[in-house]
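Spelled out, the chains give:
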Amino acid sequence: MTPGNGTLDWIDLAVSALLIVLAGGVSLAWGLGIHRRLGVAAVRSVVQLLLLALILEWLFAHASPWLTAGAAVLMLGFAAREIFGRQDRRLTGGWAWGAGGLAITLAASAVTLFALAGPVRPDPWYDPRYAIPLLGMILGNVMTGIAVGLNTLTATVARDRAAVEARLALGETRWSALGDTLRHALRTGLIGIINSMSAAGIVFIPGMMTGQILAGQPPEEAARWQILILFLIAGATAVGTVAAVMLAAWRLTDDRHRLRLDRLSDSR
Amino acid sequence: MTLLLAVEGLRRPPLPVLSLAVAAGECVAVTGPSGAGKSLLLRAIADLDPNDGRVSLAGTDRAALPAPEWRQRVAYVAAESGWWAPTVADHMAGPPDRLATLLAAVGLPEAGGWPVARLSSGERQRLALVRALTRRPEVLLLDEPTANLDAAATESVEALVRQALAEGCGVLLASHDRNQVRRLAGRELAFRDGALTEVRP
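Worth saying up front: this structure is predicted, and the values here are computed from it rather than measured.

1. Let's talk about the overall build of chain A
Moving on, step 1. Along its length, chain A carries 10 helices and zero strands.
Moving on, step 2. At a minimum sequence separation of 6, the contacts of chain A that also span at least 24 residues come to 71%.
Moving on, step 3. On chain A, roughly 14,900 Å² of surface is accessible, and the fraction owed to carbon and sulfur atoms is 68%.

2. Comments concerning empty space enclosed by the protein
A water-sized probe rolled over the atoms picks out the places where empty space is left.
Moving on, step 1. Per the stated rule, a full pass over the model turns up three cavities of 30 Å³ or more.
Moving on, step 2. The volume enclosed by the largest cavity comes to roughly 100 Å³.
Moving on, step 3. For the lining of the largest cavity, the elements supplying multiple residues, two or more each, are helix H3 (65-85), helix H4 (95-120) and helix H5 (128-159) of chain A.
Moving on, step 4. The dominant element in the lining of the largest cavity, judged by the number of residues it contributes, is H4 of chain A, at six residues.
Moving on, step 5. In the lining of the largest cavity, the residues fall into nine nonpolar, four polar and two charged.
Moving on, step 6. When its volume is computed, the second largest cavity comes out at roughly 40 Å³.
Moving on, step 7. If you go around the second largest cavity, the residues you meet are Arg98, Leu102, Leu133, Leu160, Gln163, Ala164 and Glu167 of chain B.

3. Quick word on a nonpolar patch on the surface
Residue and element names in this part refer to chain A.
Moving on, step 1. Taken together, the side chains of Leu8, Trp10, Leu13, Val43, Val46, Val47, Leu50, Leu51 and Leu54 present a nonpolar region at the surface, about 920 Å² in accessible area.
Moving on, step 2. Inspection of the secondary structure puts Val43 in helix H2 (residues 35-61).
Moving on, step 3. Given a relative accessible area of 52%, Val43 falls into the exposed group.

4. Focus on the sheet that holds strand E10 (residues 195-199) of chain B
All names here are of chain B.
Moving on, step 1. The six strands are arranged E6-E7-E8-E3-E9-E10 in an open sheet whose pairing can be described as mixed. Bordering the open sheet on either side are strand E6 (74-77) and E10, each of which pairs with just one other strand. Averaged over neighbouring strand pairs, the angle between their axes works out to 20° when direction is ignored.
Moving on, step 2. As paired elements, E6 and strand E7 (residues 139-143) share four bridges and run parallel to each other. Bridge assignment links Tyr76 to a residue of E7, and that residue is Leu141.

5. What about the interface of chain A and chain B?
Moving on, step 1. Residue-level contacts link 17 residues of chain A with 21 residues of chain B.
Moving on, step 2. For the pairing of chain A and chain B, the buried interface totals around 1,600 Å² over both sides, and the portion due to carbon and sulfur atoms is 52%.
Moving on, step 3. Looking only at chain A, the three residues that lose the most surface to chain B are Leu170, Arg256 and Arg258 of chain A, adding up to 42% of its buried area.
Moving on, step 4. The interface formed by chain A and chain B holds three salt bridges in total.
Moving on, step 5. Between Arg258 of chain A and Asp47 of chain B there is a salt bridge, and its shortest N-O distance comes to 2.6 Å.
Moving on, step 6. One can count eight residue pairs in polar contact (both at pLDDT 80 or more) joining chain A with chain B.
Moving on, step 7. With eight residues, helix H6 (residues 161-169) of chain A is the largest single contributor of residues to the side of chain A that touches chain B.

6. Looking at the environment of Ala53 of chain A
Residue and element names in this part refer to chain A.
Moving on, step 1. The residue Ala53 is located in helix H2 in this model.
Moving on, step 2. The class for Ala53 is partly exposed, based on a relative accessible area of 33%.
Moving on, step 3. The spatial distance from the C-alpha of Ala53 to the C-alpha of Trp125 is 21 Å, given a sequence separation of 72 residues.

7. Digging into the pattern of salt bridges
Moving on, step 1. For the coordinates displayed, the defined rule picks out 24 salt bridges over all chains.
Moving on, step 2. Between Arg54 of chain B and Asp61 of chain B there is a salt bridge, with the nearest N and O atoms lying 2.8 Å from each other.
Moving on, step 3. Using a relative accessible area of 23% as the deciding quantity, one classes Asp61 of chain B as partly exposed.
Moving on, step 4. A salt bridge links Glu198 of chain B to Arg187 of chain B, with the nearest nitrogen and oxygen atoms 3.3 Å apart. Note that Glu198 of chain B is positioned in strand E10 and Arg187 of chain B in strand E9 (residues 187-192), a separation of 11 residues in sequence.
Moving on, step 5. A relative accessible area of 23% places Arg187 of chain B in the partly exposed class.
Moving on, step 6. Salt bridges sharing common partners tie together Asp254, Arg256, Arg258, Arg260 and Asp262 of chain A together with Asp47 and Arg62 of chain B.

8. A closer look at the packing of aromatic side chains
Residue and element names in this part refer to chain A.
Moving on, step 1. Per the counting criterion, the structure on display carries three aromatic pairs over all chains.
Moving on, step 2. Considering the side-chain rings of Phe84 and Trp97, the 4.8 Å spacing of their centres and the 25° angle between planes classify their relative orientation as stacked. With Phe84 in helix H3 and Trp97 in helix H4, this residue pair connects regions lying 13 residues apart in the sequence.
Moving on, step 3. Where Trp95 meets Trp250, the ring centres are 5.7 Å apart and the plane angle is 65°; that geometry is what we call edge-to-face.

9. Quick look at the domain arrangement of chain A
Residues and elements named next belong to chain A.
Moving on, step 1. Domain annotation for chain A reports domain 1 (1-61) and domain 2 (64-263).
Moving on, step 2. The gap between the C-alpha centroids of domain 1 and domain 2 is 29 Å.
Moving on, step 3. Contact with domain 1, which involves five residues of that partner, is made by seven residues of domain 2.
Moving on, step 4. Buried surface at the junction of domain 1 and domain 2, both sides included, amounts to about 540 Å², of which 81% is carbon and sulfur.
Moving on, step 5. Summed over the shared surface of domain 1 and domain 2, the number is zero salt bridges.
Moving on, step 6. Across the contact surface, domain 1 and domain 2 share zero residue pairs in polar contact (both at pLDDT 80 or more).
Moving on, step 7. Here the side of domain 1 that touches domain 2 is composed, by residue class, of four nonpolar, one polar and no charged.

10. Re the UniProt feature "transmembrane region" (unreviewed entry) in chain A
Residue and element names in this part refer to chain A.
Moving on, step 1. According to UniProt, the "transmembrane region" (unreviewed entry) feature falls on residues 13-34, 41-60, 66-84, 96-118, 130-153, 190-215 and 227-250.
Moving on, step 2. Across residues 66-84 one finds 100% helix and 0% strand; the C-alpha atoms that close the span lie 27 Å apart.
Moving on, step 3. Taken end to end, residues 190-215 is 69% helix and 0% strand, and its first and last C-alpha atoms sit 31 Å apart.

The rules behind each value
Residues numbered from 1 in each chain as written. Chains lettered and ligands numbered in written order. Predicted model: local features only at pLDDT ≥ 70, side-chain atom pairs only at ≥ 80, totals over all residues. Heavy atoms only, no water. Helix = DSSP H or I, 4+ residues; strand = E, 2+ residues; numbered from the N terminus. Contact = heavy atoms within 4.5 Å. Areas by Shrake-Rupley, 256 points an atom, 1.4 Å probe, with all protein chains shown as cover. 1 Å grid on protein atoms, 1.4 Å probe; cavity = no way out; pocket = protein on both sides within 12 Å on 5 of 7 lines; lining within 4 Å. Points joined across faces, edges and corners; volume = space filled by probe spheres on them. Nonpolar A, V, L, I, M, F, W, Y, C, P; charged D, E, K, R; others polar. Patch = residues over 30% accessible without salt bridge, like charges linked within 9 Å, V, L, I, M, F, W, Y side chains within 5 Å. Salt bridge = Lys/Arg side-chain N within 4 Å of Asp/Glu carboxyl O. Buried < 20%, exposed > 50% of the residue type's maximum accessible area, 1.4 Å probe, protein only. Pairing = 2+ DSSP bridges. Axes fitted to C-alpha atoms, helices over the stretch in contact; angles between N-to-C directions. Buried area = accessible area lost by both parts, 1.4 Å probe. Polar contact = N/O pair within 3.5 Å; in protein donor to acceptor, adjacent residues only side chain to side chain. Phe/Tyr/Trp six-rings, centres within 6.5 Å; stacked < 30°, edge-to-face > 60°. Domains from an automatic or database assignment. UniProt positions renumbered as here; feature names shortened; annotations may be inferred.

What follows is the structure, encoded as structure tokens:
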């Protein structure tokens, strides 16, 4: 082991793996039956993160706008798939992917480009060392907001069908009749990032700030970066959740202001 | 009698292709066994489900009107009503004195301030009719309007329907209550053998 100066070697990691063994021991002792899954998850995290590091090193070594864009498209695709996978009731046809995919692409790319052009300003602007981690951090959070927002919308609209149809039957427009439902879905989608911002620094030290401090950055510098990231995430989550929920609501109604639950698949 | 609601070649699968007409001040009953499509027919006329065909109100084609305006003028009152705001009054429109008159007419004069969550199914049903009438529709599409009501409440609802008819409203009434159909309707259309045919009420 090397003395603590912000670097980790393999022996350090091997020692920390003892904690996974400890957790597995708990599972065995109490018959929890999760030691297998724990082991697989631990191995997956090692393999995935090391692979990611390899890819990032390669990307950083070949700083090209095209390679950066290609990596971004792949990441957006995985995020869209994840949103699709988390839906209890999906829109029918291509919209099952489309609503979430379009929304996350719009929100995450707009906010990442904004960060690169404005506050971060790397040289060159597409430098993957900045673009890829920024996009990754934004995607992870926007994805959750969109998935929660869409799930809330579809569950609420099916539950409150009688009320929504009563409002339509009394001559309200689709946006007016769905107003309460939309507000509920948007609030639920955005509450996660609001809670993170409120609790940051008191209840927990955010992961990125922790990383920078461990890597030797002064805490104040790390705090400024963390604040920037939280703002980017909040903005992107707002844009992405609004876009996804509005697209889905537009799809769940039609131009004659009818509620179209036939465009929603059955509960899984 | 002047023609108010005209439905020609209405297509709404799985219903047969239908035509019907309702004059101003006329009550036409739609009867048939449960599941025959009475509700689907009323919903299609209100344009709440995808459907095809020529539907017009006093000569104005439905397609020429925005859907919200159409539904204000041709009001569908469901058998099971939905409510969305805290109190009964939050769901009402129009001048307060008319609302007070309508609430008194269904025997619920104090209901304006009541919380929706505590309404019984019978109260909901009467208030759903009041809710539609506060918007002064020209045609009422009533789906089993007295299904949850006792004799006295049924009588008050039928009196309100008669009053709407006297004011020139057209009514299309889906009902499986033979006596109610005889009391209210001038004509009866029955779903029989996959078609909607006129029978004697």
